[in-house]
Amino acid sequence: MKHKLLLLFIYIVSCKGQNQEIMDYQHTNDLIHETSPYLLQHAHNPVNWNAWNNKTLAKAKEENKLILISVGYAACHWCHVMEHESFEDSLVAQVMNKNFTNIKVDREERPDVDQVYMNAVQLMTGSGGWPMNVIALPDGRPVWGGTYFKKEQWISALNQISKLYIDDPKKLYDYADKLEQGIKSINIVNLNTDEPVFEKNFLDVAVKNWSDHFDNKEGGMRATPKFMMPNNYHFLLRYASQNNDKKLLDFVNLTLTKMAYGGIFDHVGGGFSRYSTDSKWHVPHFEKMLYDNAQLVSLYSDAYLVTKNELYKNVVTQTLDYISRDMTTKNGAFYSSLDADSTNPEGKLEEGAFYVWQKEELKTLLKDDFNLFSDYYNINNYGLWEHSNYVLIRNADAAAIIDKYKITKEDLDSKIKNWKKTLLDIRNKRAKPRLDDKTLTSWNALMLKAYVNAYSVFNAKSYLHAAEKNAAFIKENQLRKDGGLNHSYKNGKSTINGYLEDYAATIDAYLALYEITLSEKWLTTAKDLTDYTFIHFFDSTSKMFFFTSNLDSDLVSRSIEYRDNVIPASNSIMAKNLFKLSHYFDNDHYRNTAVTILNNVKPEIQESPSGYSNWLDLMMNYTHPYYEVAIVGKDAKQKILELNKTYLPNKLIAGSISENNLPLLENRYNPNTTLIYVCVNRACKLPVSEVKQAIKFLKE
């Protein structure tokens, strides 16, 4: 126990950037020079860990040693378990140090490395996850891998492969040749030479196939564990709304309500955990990721526009309160994650210890309100997790509680507010989960866009301020003089050449910020970043974008990321960016590239629509009318606020309060009035001054 508490203290000190030499350690390895909290967690393992870099890879080749690559991230529970069981063990370290060049990788810092070796593990084992552990030849090509291993399994596997490398290395090299071809084949995207045809019926079939997997009782998909997949429901919300599909809209609302009621949502402090371990969204895997919460804020904001459901507004408010309180730096950047584990009262690291409650503790804290609280949050068999620990979960709307207890809505709202304050104050006295305090450009851009979306719906000035501050942070700290972006930022240092995800997400966020502020610097920066990606990421053969820059060192495979996951694929975000930018700048190159990219992916979409939801969303821009809304005049910003009170996903906004030569705004300024131009397919309605009339055009 003392050893684990010591490690926790070491980590806290390292995160604060203090001198780590203030204490004596039995072991220190090369990770001590890194800034990643995940790598620093392993800096005092007896394993001779190295970071992934050219120096380490050259050393492995020079010594002709097998490479052991272990990939994880700071909030990963099973990564911590394997560290404690194996990587802190001196006998395990002896085997690893003798036979391997050992490399630790933070998958969030190096998604390119993670992607290549995850593909390898999935080919070898049929599944993947973290921690991910791979053994590769000295040239980096993988020959064996898996995820979590118990100590005995781990030692046995390492010894067997080490022996094979000495006795019969040809077997490993032959296998590496075959596996390399398999890895490269995963990322092949062929240029689709068929004429691009995007039709509504294609979307209808995709949604029909998808609906066969809906869980119509608990929401989400019929699977356990349950991941929230925000971009899935963003598309389904749009499709249901634009096609007046009440049944599908009911399913989306069921899912969003169940997630908001579930223990996966932090009812005390706000924000969502990464996934639910059960089918009713009750018990989460307690880690909180920035990228989940960013996308969920955007989703619930749009869902509120469609439904005016106060539950959705509360989810947005509480989640952004959490982001502001726990995940935001003084300079407006956002941290990456909170760990699933924290120290329990007995001093042991335990998953969820920070978040769960004991019944007797709640009785003491809530006194006369306990019975009401217990009904509202199910401090009963429904809400019980394990070992007398309760995870707060709702299974009834407020009206049922109001009726049962004969109180007013105002009284219940007041009580809920007081309960949350009481429990949050107590919870904050507990040992907090470890914070991954690095800043990632792509994830920050997702949260920047979330703040923009929330502001456009709820008009809270603090949301706009947070968005502008973060946009400035990225521009001032992550945008280099050569026009490229860096991926990571910590302790005042901007590092790691950016990936396509950084460019795609930042361009998307800057376009969204332009649409509410009309500050043209965000639009022009988005265009500049787009032009940079064509120079350094574009594949002239497939007409897609590589995940890594042509300035980066070669990996086993240079991948093209195009399948949507929890975060949409960087190529799908990029294609949507090009679609929008082609309208803003009347640029045929952008326009044609967006069409080509979508057409390349089209053959795969209907087979697995949930993995292509962002592509389906883009396709709707072609199958339904897509409007350019140009607002010009001194009251343009006010009219944009009014326009944004209506859910209109099939539009972009351009605007100016003065003369402007952008293609959509040129020769449209009138000093005496503010006019709204609604255009589709390069044909425009007569300008109007009233937002209501413009909305009427947009709904025709």
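Heads up: the structure comes first, above all this text.
Only a predicted model underlies this, so the values are computations on that prediction, with no experimental measurement involved.

## Observations regarding the packing of helix α15 (residues 370-377) against helix α16 (residues 398-405)
Relative placement of two packed helices is described by the angle separating their axes and the distance separating the axes.
Reasoning step 1: Across the interface, α15 lies against α16 with an axial gap of 10 Å and an inter-helix angle of 150 degrees. As judged from the angle between their axes, α15 and α16 are roughly antiparallel. The way α15 lies across α16 gives a crossing that is right-handed. Of the residues in α16, those in contact with Asn-371, Leu-372, Asp-375 and Tyr-376 of α15 are Ile-401, Lys-404 and Tyr-405.
Reasoning step 2: Broken down by class, the residue content of the contact of α15 with α16 amounts to four nonpolar, one polar and two charged.

## Some words on unusual backbone geometry
Reasoning step 1: For the bond running from Trp-130 to Pro-131, omega is 5 degrees, close enough to zero to count as cis.
Reasoning step 2: If you trace the backbone, Pro-131 turns up in the loop between α6 (111-125) and β4 (132-136).
Reasoning step 3: With a phi angle near 50 degrees, Lys-367 is a residue other than glycine that sits in the positive phi range.
Reasoning step 4: The topology assignment puts Lys-367 in the loop between α14 (359-366) and α15.
Reasoning step 5: Taking the relative accessible area as the measure of exposure, Lys-367 reaches 61% and is therefore exposed.
Reasoning step 6: Residues other than glycine seldom take positive phi values, yet Lys-543 does so here, at roughly 65 degrees.
Reasoning step 7: The exposure class of Lys-543 is partly exposed, given its relative accessible area of 32%.

## Here we look at the environment of Leu-237
Reasoning step 1: Its place among the elements puts Leu-237 in helix α10 (residues 230-242).
Reasoning step 2: Sequence separation between Leu-237 and Asn-253 is 16 residues; the distance between their C-alpha atoms is 8.6 Å.
Reasoning step 3: Excluding anything up to four places from it in sequence, Leu-237 contacts Leu-249, Val-252, Asp-302, Ala-303, Val-306 and Tyr-647.

## Considerations on the state of the cysteines
Reasoning step 1: The tally for this structure, following the rule as stated, stands at two disulfides.
Reasoning step 2: Shown here is the disulfide that connects Cys-679 with Cys-684, its sulfur atoms set 2.0 Å apart. When the S-S torsion is 100 degrees, as for the bridge of Cys-679 with Cys-684, the disulfide is right-handed.
Reasoning step 3: For the protein chain, the bonded cysteines pair up as 1-2, 3-4 when numbered in the order they occur along the sequence.

## Some words on the packing of aromatic side chains
Reasoning step 1: Within the structure shown, the criterion is met by 41 aromatic pairs.
Reasoning step 2: Ring geometry for Phe-87 against Trp-154: centres 6.2 Å apart, planes inclined by 75 degrees, an arrangement best described as edge-to-face. One end of the pair, Phe-87, is in helix α4 (residues 77-87); the other, Trp-154, is in helix α7 (residues 151-167), with 67 residues separating them in the sequence.
Reasoning step 3: With a centroid separation of 5.8 Å and 15 degrees between ring planes, the pair formed by Phe-334 and Tyr-451 is classed as stacked. On the criterion of sequence distance, the pair formed by Phe-334 in the loop between α13 (310-326) and β10 (337-338) and Tyr-451 in helix α18 (residues 441-458) is long-range, its members being 117 residues apart.
Reasoning step 4: Take Phe-334: its relative accessible area is 1%, and that puts it in the buried class.
Reasoning step 5: Put simply, the rings of Trp-49, Phe-87, Trp-144, Phe-149 and Trp-154 pair up and form one aromatic cluster.
Reasoning step 6: Across the ring face of Trp-130, the terminal group of Arg-107 is positioned such that the distance to the ring centre comes to 3.9 Å.
Reasoning step 7: Taking NZ or CZ as reference, Lys-685 lies 5.6 Å from the ring centre of Phe-697, over its face.

## Things to note about the pairing of β4
Reasoning step 1: Burial analysis of β4 places five of its five residues in the buried class, which makes it a mostly covered element.
Reasoning step 2: Neither face of β4 is left uncovered, since the one carrying Met-132, Val-134 and Ala-136 and the one carrying Asn-133 and Ile-135 both have all their residues buried.
Reasoning step 3: Examined bridge by bridge, β4 and strand β5 (residues 142-146) share four bridges and lie antiparallel to one another. Its bridge partner being in β5, Val-134 is matched across the sheet by Gly-145.

## Things to note about the pairing of β5
Reasoning step 1: Of all five residues in β5, four are buried; the element is thus mostly enclosed.
Reasoning step 2: Remark: five residues form the turn of the hairpin made by β4 and β5, two consecutive strands paired antiparallel; Gly-140 in that turn has positive phi of roughly 95 degrees.

## Let's talk about the side chain of Asn-621
Reasoning step 1: Its place among the elements puts Asn-621 in helix α24 (residues 613-623).
Reasoning step 2: Its relative accessible area of 9% is what places Asn-621 among the buried residues.
Reasoning step 3: Beyond its immediate sequence surroundings of up to four residues, Asn-621 is in contact with Arg-238, Phe-579 and Tyr-626.

## A word on the nonpolar core
Reasoning step 1: Counting residues in hydrophobic clusters, the biggest one holds 168 residues, and the most contacted among them are Tyr-300 and Trp-615.
Reasoning step 2: What Trp-615 contacts, discounting residues up to four positions off in sequence, is Tyr-562, Asp-564, Asn-571, Ser-572, Ala-575, Ile-597, Leu-598, Val-601 and Ile-605.
Reasoning step 3: In terms of nonpolar packing, the next biggest core, distinct from the first, is built from 20 residues, Trp-357, Phe-373, Leu-423 and Leu-424 among them.

Thresholds applied
Every chain's residues receive numbers from 1 upward, in the order its sequence appears when written. Residues qualify for local features only when their pLDDT is at least 70, as the model is predicted, and side-chain atom pairs are given and counted only at 80 or more; totals for whole chains, interfaces and linings, by contrast, use all residues. Derived side-chain values reflect all non-hydrogen atoms in the structure, with water molecules and hydrogen atoms excluded from consideration. The axes are straight lines fitted to the C-alpha atoms, using for helices just the contacting stretch, and the angles between their N-to-C directions are given from 0 to 180°. Per the convention used, a helix needs a DSSP run of H or I reaching at least four residues, while a strand needs a run of E reaching at least two, with both numbered from the N terminus. The cut-offs work like this: below 35 degrees is roughly parallel, past 145 is roughly antiparallel, 65 to 115 is roughly perpendicular, and the gaps in between are oblique. If you view the pair so one helix is near and one far, a crossing is left-handed when the near helix is turned anticlockwise from the far one by less than a right angle, and right-handed when it is turned clockwise. The contact criterion used is simple: two residues touch if any of their non-hydrogen atoms lie within 4.5 Å. All amino acids are sorted into three groups, where Ala, Val, Leu, Ile, Met, Phe, Trp, Tyr, Cys and Pro are nonpolar, Asp, Glu, Lys and Arg are charged, and the leftover types, Gly among them, are polar. Any residue under 20% of the maximum accessible area for its type is buried, any over 50% is exposed, and the rest in between are partly exposed; the area is computed with a 1.4 Å probe on protein chains only. By convention in this document, the label disulfide applies to cysteine sulfur atom pairs within 2.5 Å. Only Phe, Tyr and Trp rings take part, Trp by its six-membered ring, and two of them pair if their centres are within 6.5 Å. Stacked means planes under 30 degrees apart, edge-to-face means over 60, and tilted covers everything else. Two limits define a charge over a ring: the Lys NZ or Arg CZ must be within 6 Å of the ring centre, and within 35 degrees of the ring normal. Strand pairing follows a simple DSSP-based rule, namely that at least 2 bridges must link the two strands. Buried Ala, Val, Leu, Ile, Met, Phe, Trp, Tyr and Cys residues that are joined via side-chain atoms within 4.5 Å together make up what is termed a nonpolar core.

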